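Next come the chains, spelled out residue by residue.
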Amino acid sequence: MQIVALVSLVLAAVLALAFGVRYLLTKAFMPYHAAVLGKSWAVLEPRLQAIILGMLKVAGGGLLGFGLALLWLLLPLSRGEAWAAWAALTVSLAVAGPILHVVVSLRRLEPGARTPIAPTLAVLVLVLVATAATLAQ
């Protein structure tokens, strides 16, 4: 069961890191933002673009920190320390919970917007699997 926990946590971390890098490196908002807003990036005032890019970079940094925290928790988890699974779950709920709320809310506002609901749920499920696998040992 320990290998299931470790692999699940690595996959969750990789997803978080990938989204973190994507948001840190972006030069414009995501296509789903344009769909919700009903406007393209090019029509936005430069000051508004700067604010949005700043928020995206903060979100990207948070996702990078989250992914790195999950990776660091692999060390105690690999030694069978159950607290690390609880820590991963706690951090994941604190980070991915609000993200899930926002992406679902945006999808409700604009059903055609392809918000990242599936990857967010995947991270939460992977961490839940890691927690359950750790506690089952």
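Refer to the preceding data block for the structure.
Let us look at the structure shown here. (Residues numbered from 1 in each chain as written. Predicted model: local features only at pLDDT ≥ 70, side-chain atom pairs only at ≥ 80, totals over all residues. Heavy atoms only, no water.)

**Remarks on the overall build of the chain**
Short version of the rule: In this text, helices come from DSSP runs of H or I with a minimum length of four residues, and strands from runs of E with a minimum of two, each type numbered from the N-terminal end. Each residue gets one of three labels from its accessible area relative to the maximum for its type: buried under 20%, exposed over 50%, partly exposed in between, using a 1.4 Å probe on protein chains only. The Shrake-Rupley method, run with a 1.4 Å probe sphere, supplies the accessible areas, and residue values consider only the shown protein chains as cover.
If you tally the helices and strands in the chain, you get five helices and zero strands. Structurally, the chain occupies a C-alpha span of about 55 × 25 × 20 Å along its principal axes. In the chain, buried positions account for 36% of the 137 residues. Accessible surface for the chain amounts to roughly 7,600 Å². Of this, 74% is attributable to carbon and sulfur atoms.

**Topic: the packing of helix α1 (residues 2-25) against helix α3 (residues 46-78)**
How we decide: For helices, the fitted line uses only the C-alpha atoms of the stretch in contact; every axis is such a line through C-alpha atoms, and the angle between N-to-C directions lies from 0 to 180 degrees. If an angle is under 35 degrees, it is roughly parallel; if it is over 145, roughly antiparallel; if it lies from 65 to 115, roughly perpendicular; otherwise it is oblique. Definitions for this section: a left-handed crossing has its near helix turned counterclockwise from the far helix by less than a right angle. A right-handed crossing has that turn clockwise. Each residue receives one of three labels: charged for Asp, Glu, Lys and Arg, nonpolar for Ala, Val, Leu, Ile, Met, Phe, Trp, Tyr, Cys and Pro, and polar for the others, Gly being one of them.
Contact geometry for α1 and α3: axes closest at 7 Å, N-to-C directions at 160°. What the angle tells us is that α1 and α3 run roughly antiparallel. Pair α1 / α3 crosses with left-handed handedness. Its residues placed into classes, the contact of α1 with α3 shows 23 nonpolar, six polar and one charged.

**Looking at the environment of Gly97**
With respect to the helices and strands, the residue Gly97 is situated in helix α4 (residues 82-109). Along the sequence, Gly97 and Gln2 sit 95 residues apart, while their C-alpha atoms lie 25 Å from each other.

**Some words on a nonpolar patch on the surface**
Formally: Without a salt bridge and with relative accessible area above 30%, a residue can belong to a patch; like charges are then joined within 9 Å and nonpolar side chains (Val, Leu, Ile, Met, Phe, Trp, Tyr) within 5 Å. Every case where a carboxyl oxygen of Asp or Glu lies within 4 Å of a side-chain nitrogen of Lys or Arg is listed as a salt bridge.
On the surface, Met1, Ile3, Val4, Val7, Leu11, Val125 and Val129 cluster together into a nonpolar patch covering about 600 Å² of accessible area. Listing elements by their share of the nonpolar patch, those giving two or more residues are α1 and α5 (117-135). Among the structural elements, Val7 can be located in helix α1. You can call Val7 partly exposed: its relative accessible area is 41%.

**Quick word on the nonpolar core**
Where we set the bar: Here the nonpolar core consists of buried residues drawn from Ala, Val, Leu, Ile, Met, Phe, Trp, Tyr and Cys, with membership extended through side-chain atoms lying within 4.5 Å. We call two residues in contact when some of their heavy atoms are within 4.5 Å.
Core analysis: the biggest nonpolar cluster contains 21 residues, and Leu9, Ala12, Phe66, Leu70, Leu77, Ala88 and Val127 have the highest contact counts within it. Looking at this core, the elements with two or more residues in it are α1, α3, α4 and α5. If we ignore the near neighbours within four places in the chain, the residues touching Ala88 are Leu9, Leu70, Leu73 and Val127. Tyr23, Phe29, Ile52 and Leu56 belong to the second largest nonpolar core, which has nine residues in total.

**What about the side chain of Thr131?**
The topology assignment puts Thr131 in helix α5. Thr131 sits in the buried class, given a relative accessible area of 4%. Not counting the four nearest positions on each side in its chain, Thr131 is found in contact with Ala85 and Leu89.

**Observations concerning the packing of α4 against α5**
Closest axis-to-axis distance for the α4/α5 pair is 9 Å, and the angle between their directions is 160°. Regarding the angle of α4 to α5, the classification is roughly antiparallel. As α4 packs across α5, the resulting crossing turns out to be left-handed. Grouping the constituent residues of the contact of α4 with α5 by class yields 17 nonpolar, four polar and one charged.

**Focus: α5**
What counts, and what does not: Expected helix span is given by 1.5 Å per residue-to-residue step, counting one fewer step than there are residues.
With 19 residues, α5 should cover 27 Å at 1.5 Å per step; its first-to-last C-alpha distance of 27 Å lies within 8% of that length. Of the positions making up α5, those classed as buried are Ile117, Thr120, Val123, Leu124, Leu126, Val127, Ala130, Thr131, Ala133 and Thr134. Buried-residue contacts for α5 involve α1, α3 and α4.

Distances and angles like these do not, on their own, reveal function.
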